[in-house]
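These are the residues of each chain, in order.
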2 protein chains.
Amino acid sequence: MAHVVITSGPTRQYLDPVRYITNASSGRMGAALADAALHFKHAVTIVTGPVSVSYPRRAHVISVQTTEEMFIEARKAFEQADGLIGAAAPCDYRPRRVATQKMAKTGQPLLLELVETEDIIASLAATKMPHQWVVGFALETEDRHFRAITKMQKKSCDLMVSNGPEAIDAEESQVEIYKRGGELVGQCTGTKKKIGRDIFTIIHKTFCS
Amino acid sequence: MAHVVITSGPTRQYLDPVRYITNASSGRMGAALADAALHFKHAVTIVTGPVSVSYPRRAHVISVQTTEEMFIEARKAFEQADGLIGAAAPCDYRPRRVATQKMAKTGQPLLLELVETEDIIASLAATKMPHQWVVGFALETEDRHFRAITKMQKKSCDLMVSNGPEAIDAEESQVEIYKRGGELVGQCTGTKKKIGRDIFTIIHKTFCS
């Protein structure tokens with residue numbers, strides 16, 4: 001039995017108390033991976049942004065809003081865990097300044113300075129212990145294969161799951177799974193539930209058996 | 001019997017195929033107002049952004065993503081209707097440029113130029129016929145009373161409902177309702193369902209009886 005941490009869903013980066021930047025990640029892939037990991041008798045911690053999906057009851061669920069909060073909670077959970085799966089789509093930009101009151105419209109354009117947030121998977125993979133493993137997800141609109149491989153190297157991941165933007169908030173999806181070195185180890189199509197099971201079966205065989 | 005158009009939920013303004021600006025509006029207030037209007041035997045059209053709330057089956061529901069789409073659909077529906085209730089929280093800024101591919105991170109800050117979107121309620125109220133009425137919502141974090149009155153004048157609304165940011169995505173809320181001239185005509189506290197009924201009762205008495 002292993003302890004698996006799964007990040008899931010989107011995060012929000014507020015510009016002011018009302019408006020924020022986010023994406024349509026639903027948490028469905030995270031829920032499917034958690035289901036599959038529990039099926040293999042692993043212990044599961046999910047660190048999730050705001051979603052309306054239901055996670056399995058036997059998973060320990062930690063809810064966060066921002067990428068910073070997701071990073072802090074995922075780091076804490078990963079310290080005690082064997083593996084980390086980065087299925088979340090954390091917001092990777094945040095406004096440099098956050099207004100404390102709702103910004104009133106002025107009739108003029110608004111210049112918003114965005115800075116990159118912490119890369120959760122890269123940061124945690126960089127400090128992982130020899131027994132720990134990290135699986136990343138790469139969502140790309142172009143050059144999917146090349147970018148997934150590059151991201152895997154840059155982020156020190158052990159496996160990389162590549163998908164496209166059509167996967168976001170969709171019931172069905174199509175993914176490829178690559179090993180370090182770029183070798184394709186799996187290709188799955190179907191519902192998120194089926195893909196989650198297929199991906200986790202590869203993870204289980206690679207790291208837990 | 002009147003025909004009432006209700007805008008509901010948030011809208012999304014995409015920066016690229018993945019990231020967008022939005023807010024946490026749930027559509028609950030729109031659903032509660034629709035329920036109340038149907039209870040008074042009115043015909044209801046809801047123009048809604050992406051929400052997970054369920055609208056009453058007897059309402060005609062039109063789904064949109066962006067503020068521009070909400071404006072177009074609300075304008076079309078309002079042409080045939082007696083009244084318009086602006087319960088939506090449409091995104092009031094959009095990026096001047098939308099990237100066609102997912103923007104890759106560069107390690108550098110990103111300057112985003114935002115421009116104001118069309119003010120749906122102000123635009124439609126400005127062209128309303130003598131028999132038509134428009135009810136606006138003002139969400140403010142400070143100077144609520146003063147700003148609600150100012151918005152009502154500026155947007156040519158017949159009633160203005162004022163609430164605070166704590167109302168967003170909440171089960172319960174507290175609102176004040178003002179008439180042209182600034183007179184307080186109602187104050188409601190409780191669940192969104194109750195508040196929706198209370199607000200619509202005032203709307204019905206003011207415009208439909």
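Residues numbered from 1 in each chain as written. Chains lettered and ligands numbered in written order. Predicted model: local features only at pLDDT ≥ 70, side-chain atom pairs only at ≥ 80, totals over all residues. Heavy atoms only, no water.

A. Focus on the overall build of chain A. Assigned secondary structure in chain A consists of five helices and twelve strands. For chain A, the C-alpha radius of gyration of 17 Å lies close to 17 Å, the compact-globule estimate for 209 residues. In terms of overall dimensions, chain A has a C-alpha envelope of 60 × 35 × 35 Å along the principal axes. Here chain A, with 209 residues, has 55% of them falling under the buried criterion. Taking the intrachain contacts of chain A between residues at least 6 apart in sequence as the baseline, contacts between residues at least 24 apart amount to 62%. The average position of the 26 basic charges and that of the 23 acidic charges among the side chains of chain A differ by 3 Å. (Helix = DSSP H or I, 4+ residues; strand = E, 2+ residues; numbered from the N terminus. Rg over C-alpha atoms; globule rule 2.2 N^0.38 Å. Buried < 20%, exposed > 50% of the residue type's maximum accessible area, 1.4 Å probe, protein only. Contact = heavy atoms within 4.5 Å. Lys, Arg positive; Asp, Glu negative; His and termini not counted. Charge placed at Lys NZ, Arg CZ, Asp CG, Glu CD.)

B. Just the packing of aromatic side chains, in detail. Taken as a whole, this structure holds six aromatic pairs over all chains when the rule is applied. Geometrically, the ring pair formed by A:Trp133 and A:Phe207 is stacked, given 4.7 Å between the ring centres and 5 degrees between the ring planes. Here A:Phe207 lies in helix H5 (residues 192-208) and A:Trp133 lies in strand S9 (residues 133-139), a separation of 74 residues in the sequence. The interplanar angle of 40 degrees and the centroid separation of 5.8 Å between the aromatic rings of B:Phe40 and B:Phe200 together place this pair among those described as tilted. Of this pair, B:Phe40 sits in the loop between helix H1 (28-39) and strand S4 (43-48) while B:Phe200 sits in helix H5 (residues 192-208), and the two are 160 residues apart along the sequence. (Phe/Tyr/Trp six-rings, centres within 6.5 Å; stacked < 30°, edge-to-face > 60°.)

C. A look at the relation of the copies chain B and chain A. Expressed as a screw operation, the relation of chain B to chain A combines 0.0 Å of axial shift with a rotation of 180 degrees, fitting to an RMSD of 0.0 Å. Viewed as a symmetry operation, the transformation between the two copies matches a two-fold axis. Same-surface contact between copies: 100% of interface residues of chain B are shared with the interface of chain A. (Least-squares fit on C-alpha atoms with pLDDT ≥ 70 in both.)

D. Looking closely at the side chain of B:His42. All names here are of chain B. Summarising the element assignment, His 42 is placed in the loop between H1 and S4. Only 2.9 Å separates the side chain of His 42 from the backbone nitrogen of Ala 2, close enough to count as a polar contact. Within the local environment of His 42, its side chain forms a polar contact with the side chain of His 204, the two groups lying 2.9 Å apart. Setting aside residues up to four positions removed in sequence, His 42 forms contacts with Met 1, Ala 2, Val 4, Ala 37, Phe 200, His 204 and Cys 208. (Polar contact = N/O pair within 3.5 Å; in protein donor to acceptor, adjacent residues only side chain to side chain.)

E. Spotlight on the sheet that holds strand S7 (residues 93-95) of chain B. A sheet is described by the order of its strands in space; here four strands give the open sequence S7(A)-S8(A)-S8(B)-S7(B), paired in antiparallel fashion. Taken across any chain shown, the strands that pair with only one partner, and hence form the sheet edges, are strand S7 (93-95) of chain A together with S7 of chain B. On average, each strand axis in the sheet is tilted by 40 degrees relative to the strand beside it, whichever way the strands run. (Pairing = 2+ DSSP bridges. Axes fitted to C-alpha atoms, helices over the stretch in contact; angles between N-to-C directions.)

F. Up close: the packing of H1(B) against H5(B). Residue and element names in this part refer to chain B. For the pair H1 and H5, interaxial distance at closest approach is 8 Å and the crossing angle is 50 degrees. By the angle between their axes, H1 is oblique relative to H5. The element H1 and its partner H5 pack so that their crossing is right-handed. When H1 is examined against H5, the residues Arg 28, Met 29, Ala 32, Leu 33, Asp 35, Ala 36 and Ala 37 are found in contact with a partner set consisting of Lys 192, Lys 193, Ile 195, Gly 196, Arg 197, Ile 199 and Phe 200. Here the contact of H1 with H5 is composed, by residue class, of eight nonpolar, one polar and five charged. (Parallel < 35°, antiparallel > 145°, perpendicular 65-115°, else oblique. Left-handed = near helix turned anticlockwise from the far one by under 90°. Nonpolar A, V, L, I, M, F, W, Y, C, P; charged D, E, K, R; others polar.)

G. Focus on the interface of chain B and chain A. On the chain A side, the residues contacting the 37 residues of chain B number 37 residues. Sorting the residues of chain B by area buried against chain A places B:Tyr93, B:Lys102 and B:Lys105 first, and these three jointly supply 17% of that buried surface. Taking the shortest distance from any N to any O, the salt bridge between B:Lys105 and A:Asp119 comes out at 3.9 Å. Run the count over chain B and chain A and you get 20 residue pairs in polar contact (both at pLDDT 80 or more). Broken down by secondary-structure element, the contributors of at least two residues to the side of chain B that touches chain A are strand S3 (20-22), strand S8 (110-116) and helix H4 (144-154) of chain B. Across the side of chain B that touches chain A, the residue classes break down as 16 nonpolar, nine polar and twelve charged. (Buried area = accessible area lost by both parts, 1.4 Å probe. Salt bridge = Lys/Arg side-chain N within 4 Å of Asp/Glu carboxyl O.)

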